[in-house]
Amino acid sequence: MNIIWHNQSKQYHLFNEKISYIMCVTPVGEIGSIYFGKRIHDKDDMSYVINRFALPNVTVDPDTESYSMELNRQEYPSFGTTDFGTQAYEVEQPNGSRISSFVYRNHRIYRGKPAITGLPATYASEEEAMTLEITLADNFAKMTLTLFYTIFKDHPVIARHVAFKNEGASAVKLTRALSACVDLPDMDYEWMQFSGAWARERIPEVKKISTGALSIESKRGTSSANQNPFVIVKRPDTDDFMGEAFGFSFVYSGNFLAKAEGNSFGRLRVLMGIHPDRFTWVLNPGEIFETPEVVIAMTDCGLNGLSQTYHELYNNHLVRGKWKNTPRPILINNWEATFMDFDEEKILSIARTAREAGVELFVLDDGWFGERNDDYAGLGDWIENPKKLPQGMAGLSSKINALGMKFGFWIEPEMVNPNSNLFRRHPEWVLAAPGRKSSLGRHQLVLDFSREEVVDHIYGMLKKVIGDAKISYIKWDMNRSLTEVFSPDLNADEQGMVYHKYVLGVYSLYERLTNEFPDILFESCSSGGNRYDAGMLYYAPQAWCSDNTDSIDRIRIQYGTSYGYPISSIGAHVSAVPNQQTGRTAPIETRANVAYFGTFGYELDLNTLSEEEFDKVKEQIRFMKEHRELLQFGTFFRLRSPFETDQAAWIVVSKDRKEAIFGFYCLRSNVNMMPGFLKLAGLDPDALYELDGEEYYGDELMHMGVALTDLCSDGLATGKDFVSYVKTLKVK
Ligand code: GLA
């Protein structure tokens, strides 16, 4: 890993063993791209890449009389001169002009990686990463902007963000401040996005890139289940096992824009950042605005390689604290078992049986506080309901602890029901526009987390309940999109700051609670996977992946999630049948076989199971305890896509390749077909593995494959609907 500055040619080369990222100061003084891809040799000068032919009808820089930004690749394109593509930023200056040209002032190269104030970001030691800061200045706008690039030693990754500073005497307005732009020299690529909605999150969609733009976005105030802030730009023939691809992952939990734009001259521009709609940041003299981070990864060996990069990077350089790389407790959550209809005895009866089965953590879901007996009331009143918990959270937690289990509970701190004491006392604490109606989502309003006093108040209430009891886990939910985004606390000019300030408020509460209670495992949730993003993983190392607990649907949801997020982050539980969301009945084995490839837990009352099923649950828990480290932190490969076939398969392999576990799932049986083979991946080709009492070479299993005869042949049908297998492989 190194960052080289070629003073003569004014070029930068950031590289590690896998990738090279080469830039230059362009003839007009802005920063341009020379190359991003597989590692190449360093050279003093690559300016032959800069295009100086002024094509007909193209505008050029007056000093050079030949350089046009439109015909060259930019690193952080500006508005108002010769680039007509989507600009990365825009500054409204006191005279109303939005034209800007930030030119090279200086740079710094150093070991390590700086934090971003108030925002989540990847982190690294001086041995693990190097950073380049390039500062550019616009003398008319009297501002600087600094581009940050960090290259990691062991990962094919560049992390980017930007800081703007007002060096003038008057306020300016940032009306767009994206985090990164990557211009590529051709557009023979496809765009892969992860889209969906509640209960069907992160389903991959692939589109051909050409001239014009493709984009995804969220303007809901959260990253959303509709579009995930992670995209892949890949060659058309790239699949899970081969080919070139770039990943763009936004370490942020609010509104975002991700866009790919091909121009008429073959240039592909990829941009990512806070959505510019409804964003205006007032920058007073001397103030700095820092954008969130975009983590850009590159692979030349397929999408499994790209995913593994994000898994490794996020497990080791994003997740923090006690739960970093720590196998997760097997939990039981009472939501689908009781909803809000419970008392202490009911909870304890679920807990006792769960303990008997080997469950380690009990999670008390929604309904324990205020007048919360249905979802019309109580949010905001974070005080135990004495009818349900006579000795409060402290009493229940010690009873659960006495059973030999840890205890945790559910909160939704950003919300308030109109029917709550908090709202009656502070109706001005919600996001609402004066004189207008406030839209409801699940009968609730959104607290104005852009205001410090609101965050302080919620912090105080939560600190008390958590501090009074013995709490090991918190599920932090967020169950509606933001509408009527207006804060009475800010003046007219500042209303464009509310969305981002809201997210900063959420992060600040997370930061305070995780500092105050460093041992607590946080799981983020937003009606399931509405806020499943890299920003959240900085505070909460796992996320409830979806409210859809149907194992067959979950195969797709977890498969899609695995493209950008580690298996250790995927909240996955076994729930009752018929499934509450889909009505489907899958065998208890399959429900567990899917949940093993996640954090694993139960979301049902185990008292309702037959003796035979209960024994199976005990065995599942024993299996998970034995293998969870490998399942959650091993090297994960997608093997067979449920989006392309009626089957699905995946495998996790230990770092030393001596152990592996694969899962095979039949979503739908097919009649009169040969069962075929399942090719495994990631094994040591020369090692002899034991599988079901037989011996196989790694290369045999990877290239010939596991014969599916036993696994999925059932007379005429290749597998039965919803039948699955999880198998372990071990080097003898
Ligand atoms: C959301 C969550 C669920 C559950 C309920 C409680 O829908 O995603 O898991 O916690 O809220 O109200």
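Given the structure is predicted, the values throughout are model-derived calculations rather than measurements. (Residues numbered from 1 in each chain as written. Predicted model: local features only at pLDDT ≥ 70, side-chain atom pairs only at ≥ 80, totals over all residues. Heavy atoms only, no water.)

**Examining the overall build of the protein chain**
- When helices and strands are tallied, the protein chain shows 13 helices and 41 strands.
- Across its three principal axes, the protein chain shows a C-alpha extent of roughly 85 × 70 × 45 Å.
- Sorting the 732 residues of the protein chain into buried and exposed places 63% on the buried side.
- For the protein chain, the share of sequence-separated contacts (at least 6 apart) that also reach a separation of at least 24 residues comes to 70%.
- Total accessible area on the protein chain stands at roughly 26,800 Å², and carbon and sulfur atoms take up 49% of it.
- Of the charged side chains in the protein chain, 76 are positive and 98 negative, and the gap between their average positions amounts to 2 Å. (Helix = DSSP H or I, 4+ residues; strand = E, 2+ residues; numbered from the N terminus. Buried < 20%, exposed > 50% of the residue type's maximum accessible area, 1.4 Å probe, protein only. Contact = heavy atoms within 4.5 Å. Areas by Shrake-Rupley, 256 points an atom, 1.4 Å probe, with all protein chains shown as cover. Lys, Arg positive; Asp, Glu negative; His and termini not counted. Charge placed at Lys NZ, Arg CZ, Asp CG, Glu CD.)

**Quick word on the site of the ligand**
- Close to the ligand lie 13 residues; D365, D366, R442, K475 and D547 are nearest.
- Separating an oxygen atom of the ligand from a side-chain N or O atom of K475 is a distance of 2.8 Å.
- Take N479: an N or O atom from its side chain is 3.3 Å from an oxygen atom of the ligand.
- Protein coverage of the free-state accessible area of the ligand, which is 310 Å², stands at 96%. (Near = heavy atom within 4 Å. Polar contact = N/O pair within 3.5 Å; in protein donor to acceptor, adjacent residues only side chain to side chain.)

**What about the environment of R176?**
- In this fold, R176 is placed in strand β10 (residues 172-184).
- Accessibility expressed as a relative area gives 16% for R176, which makes it buried.
- When the C-alpha atoms of R176 and Y459 are compared, they prove to be 32 Å apart, with 283 residues separating the residues in sequence.
- From its side chain, R176 meets the backbone oxygen of Q87 in a polar contact 3.2 Å long.

**Digging into the pattern of salt bridges**
- In the structure shown here, the tally under the stated rule is 43 salt bridges.
- The partner of K219 in a salt bridge is D277, with the nearest N and O atoms 2.8 Å apart. In this pair, K219 sits in the loop between β13 (212-218) and β14 (230-234) while D277 sits in the loop between β17 (268-273) and β18 (281-283), placing the two residues 58 residues apart along the sequence.
- Take D277: its relative accessible area is 30%, and that puts it in the partly exposed class.
- In this structure, E695 and K732 form a salt bridge, with 3.3 Å as the shortest nitrogen-oxygen distance. (Salt bridge = Lys/Arg side-chain N within 4 Å of Asp/Glu carboxyl O.)

**Structural notes on the sheet that holds strand β30 (residues 573-575)**
- The strand order across the open sheet built from nine strands is β29-β28-β27-β26-β23-β22-β21-β31-β30, with neighbouring strands paired in parallel fashion. In this open sheet, the two edge strands, each paired with only one partner strand, are β29 (570-571) and β30.
- Sheet topology note: the strand β26 (residues 473-476)/strand β27 (residues 521-524) ladder contains four bridges and is parallel. Following the sheet pairing, Y473 is matched in β27 by L521.
- The strands touched by helix α3 (residues 344-357) are β21 (331-333) and β22 (361-364); relative to β22, the strand with the most contacts, the crossing angle is about 155°. (Pairing = 2+ DSSP bridges. Axes fitted to C-alpha atoms, helices over the stretch in contact; angles between N-to-C directions.)

**Focus: the pairing of β26**
- Residues of β26 alternate between two faces, with Y473 and K475 on one and I474 and W476 on the opposite face, all of them buried.
- Two elements, strand β23 (residues 406-411) and β26, share four bridges in a ladder whose sense is parallel. When the sheet's bridge partners are listed, I411 is paired in β26 with W476.

**Regarding the domain arrangement of the protein chain**
- On domain assignment, one finds that the protein chain holds domain 1 (90-317), domain 2 (326-630) and domain 3 (640-731).
- Centre-to-centre, using C-alpha coordinates, domain 1 lies 30 Å away from domain 2.
- Carbon and sulfur atoms make up 57% of the surface buried where domain 1 meets domain 2, a total of about 3,600 Å² over both sides.
- Counting the surface domain 1 buries against domain 2, the share from its top three residues, W198, R202 and W281, is 16%.
- Seen at the junction of domain 1 and domain 2, the total is one salt bridge.
- Taken together, the connections running from domain 1 to domain 2 amount to 24 residue pairs in polar contact (both at pLDDT 80 or more).
- For the side of domain 1 that touches domain 2, the secondary structure elements donating two or more residues are β11 (190-197), β12 (200-208), β14, β15 (245-251), β18 and α1 (303-317).
- Partitioned by chemical class, the residues of the side of domain 1 that touches domain 2 number 24 nonpolar, 15 polar and eight charged. (Domains from an automatic or database assignment. Buried area = accessible area lost by both parts, 1.4 Å probe. Nonpolar A, V, L, I, M, F, W, Y, C, P; charged D, E, K, R; others polar.)

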